[in-house]
Amino acid sequence: MVLEPIFSQNSTSRGLIVGNYCHDVLMRDGMVVAETLGGAASFISVVLDGLSIPYNLIAKVGSDFAYATNHIPIVIPTCKTTLFHAYFDSAIDTGGHQDRVLKRVFACDPIRPSDLPETGFDFGMAVGVGGEILPETLEQMVGICNVVFVDVQALIRVFDVVDGTVKLVGLKESGFFHLLPRIGVLKASADEALFFDVEEVRKWCCVVVTHGKDGCKVYWKDGEIEIAPFAANQVDPTGAGDSFLGGLVSGLVHGLAVPDAALLGNFFGSLTVGQVGLPRLDLKLLQIVKDEMQKRKMQGIVCNERRDDELNFWKHPGHEQFHTSLSAAKITPACHIQECEWNLSSSPRVIEQGNKTNLLINSAHEGSFQSVHGKP
Ligand SMILES: Nc1ncnc2c1ncn2[C@@H]1O[C@H](COP(=O)(O)OP(=O)(O)O)[C@@H](O)[C@H]1O
Ligand SMILES: O=P([O-])([O-])O[C@@H]1[C@@H](O)[C@H](O)[C@@H](O)[C@H](O)[C@@H]1O
């Protein structure tokens with residue numbers, strides 16, 4: 001298992017995030033309800049910035065790119081920014097992603113090995129959304145990063161040639177399969193995990209499967225463990241997995257054991273589904289999270305003091321308390337979690353400009369904001 005190197009790092013570890021930013025347009029029953037900055041790289045940035053983890057980010061966009069971001073992307077003047085249209089159908093609302101049809105409308109340039117810096121990184125994150133990560137790019141990443149985290153969506157998404165509908169192919173057919181023994185963690189949603197054999201892949205790398213409102217499960221060569229979710233009022237599932245990965249990696253970089261880091265992943269995933277687009281993280285909340293992470297270290301659960309990689313996969317005493325403390329942070333009155341009081345089935349239109357979000361209240365929806373409290 002190639003996870004050990006990250007345990008020997010500390011919060012000054014430098015990461016490399018690779019994946020394009022994109023424009024996301026969310027539609028409900030044929031109507032545009034929100035336009036937001038997207039791309040796994042942008043969701044992950046929010047979490048890493050919030051937890052003060054330094055990183056370089058390689059993303060490409062077109063000259064139409066509409067947002068201000070902390071990390072400036074490479075602008076390709078001859079391309080448009082990758083654009084996704086996500087169609088939600090309120091007639092089949094399962095509270096997750098199953099009701100969504102996702103179409104890639106434009107694809108910006110792929111990220112090639114020559115786009116990556118030559119210097120070494122403590123960790124890398126291969127987090128493409130529109131097919132921009134090539135096998136040779138991932139190969140280069142595993143060469144320059146001590147440990148690489150991969151979102152399987154970067155490897156197995158294919159796009160219908162006529163209308164861009166996102167489909168998935170088996171990991172074996174993806175052209176990336178041979179690289180699995182060289183990566184640290186493969187993250188997949190439950191739907192994506194159907195496209196590879198977890199029992200086979202866990203022999204080569206740690207596999208984390210996310211289960212929406214039910215949390216996640218971590219598999220490694222000799223064991224597996226379920227990690228409890230956090231309650232959330234889901235209004236938009238987009239980017240939950242990306243924020244999850246940001247939380248998981250941040251936890252590991254800060255020296256948490258794998259179950260605690262995965263819990264942090266669940267925490268940021270739950271914050272993301274409560275908002276449309278990128279999560280807006282309250283500074284007070286982030287400070288509480290950092291303090292709680294620090295407490296976990298003080299309890300002696302410091303992975304970078306352990307040389308036994310295997311031990312880092314099991315829950316240590318205090319894990320449940322860590323969950324309780326993070327849950328409490330979400331409902332601390334001082335922390336203004338900006339969860340929306342409406343969901344995509346009955347929502348005002350949200351337009352993000354720069355890094356600000358505007359709600360354009362459509363008069364047809366006035367007075368019809370749908371409370372999502374009590375939704376699964
Ligand atoms: N409705 C929800 N309530 C609470 N947490 C959620 C919810 N949906 C997602 N999450 C959190 O976000 C993580 C990723 O969500 P999931 O839907 O599994 O991934 P993806 O966004 O990649 O499809 C989950 O493991 C969970 O921790
Ligand atoms: O995780 P998920 O919601 O299936 O997939 C998402 C895409 O649909 C979206 O276009 C993009 O902005 C997100 O970063 C993420 O990749």
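Parameters and conventions
Residues numbered from 1 in each chain as written. Chains lettered and ligands numbered in written order. Predicted model: local features only at pLDDT ≥ 70, side-chain atom pairs only at ≥ 80, totals over all residues. Heavy atoms only, no water. UniProt positions renumbered as here; feature names shortened; annotations may be inferred. Phe/Tyr/Trp six-rings, centres within 6.5 Å; stacked < 30°, edge-to-face > 60°. Helix = DSSP H or I, 4+ residues; strand = E, 2+ residues; numbered from the N terminus. Buried < 20%, exposed > 50% of the residue type's maximum accessible area, 1.4 Å probe, protein only. Near = heavy atom within 4 Å. Polar contact = N/O pair within 3.5 Å; in protein donor to acceptor, adjacent residues only side chain to side chain. Areas by Shrake-Rupley, 256 points an atom, 1.4 Å probe, with all protein chains shown as cover. Nonpolar A, V, L, I, M, F, W, Y, C, P; charged D, E, K, R; others polar. Core = buried A, V, L, I, M, F, W, Y, C linked by side-chain atoms within 4.5 Å. Contact = heavy atoms within 4.5 Å.

Per an unreviewed UniProt entry, the chain goes by the name Inositol 3-kinase and belongs to Quillaja saponaria. The Sequence similarities (unreviewed entry) comment attached to the chain in UniProt states, word for word, "Belongs to the carbohydrate kinase PfkB family."

(A) Region of the structure containing the packing of aromatic side chains. Within this structure, the stated rule accounts for six aromatic pairs. When the centroid spacing of 5.5 Å and the interplanar angle of 85° are considered together, the rings of Phe177 and Trp204 count as edge-to-face. Note that Phe177 is positioned in the loop between β12 (166-168) and β13 (185-189) and Trp204 in the loop between α6 (198-201) and β14 (206-210), a separation of 27 residues in sequence. Residue class for Phe177 comes out buried when judged on its relative accessible area of 17%. Summarising the aromatic geometry, the rings of Trp220 and Phe313 are spaced 4.7 Å apart at their centres and angled 20° between planes, so their arrangement reads as stacked. Remark: Phe313 occurs in the loop between α9 (283-298) and α10 (319-330) and Trp220 occurs in strand β15 (residues 216-220); sequence separation between them is 93 residues. Side by side, Trp220 and Phe313 carry an identical accessibility label, which is buried. In this structure an aromatic cluster arises from ring pairing among Tyr21, Phe65 and Tyr67.

(B) Main features of the site of ligand 2. Close to ligand 2 lie 16 residues; Asp24, Gly39, Ala40, Val129 and Asp242 are nearest. Between ligand 2 and Ala40 there is a distance of 2.9 Å, counted from an oxygen atom to a backbone nitrogen or oxygen. One of the side-chain N or O atoms of Asp242 is found 2.7 Å from an oxygen atom in ligand 2. Taken by itself ligand 2 offers 370 Å² of open surface, and the protein chains cover 95% of this. Within the residue set of the shell around ligand 2, elements represented by two or more residues are β2 (22-28), α2 (40-50) and β8 (100-106). Tallied by class, residues from the shell around ligand 2 come to six nonpolar, six polar and four charged.

(C) Structural context of the nonpolar core. Within the largest apolar cluster, 69 residues are counted, with the highest numbers of intra-cluster contacts made by Met125, Val218 and Phe268. The element that contributes the greatest number of residues to this core is helix α8 (residues 258-273), accounting for eight residues. With residues near it in sequence (within four places) discarded, Phe268 still touches Val47, Leu51, Ser243, Gly247, Leu281, Leu286 and Val289. Among the nonpolar cores identified, the runner-up in size contains 35 residues, and Ala126, Met141, Val148 and Ala154 belong to it.

(D) Representation of the site of ligand 1 within the structure. Surrounding ligand 1, one finds 18 residues, the nearest of these being Thr210, Gly212, Gly215, Gly241 and Asn266. Here an oxygen atom of ligand 1 and a backbone polar atom of Gly241 are 2.9 Å apart. In the environment of ligand 1, an oxygen atom lies 2.7 Å from a nitrogen or oxygen atom belonging to the side chain of Asn266. Protein burial of ligand 1: of its 540 Å² of free accessible surface, 92% is covered by the chains. Put simply, the parts of the chain that give the shell around ligand 1 at least two residues each are β13, α7 (240-253) and α8. Of all the elements, α8 adds the most residues to the shell around ligand 1, at four residues.

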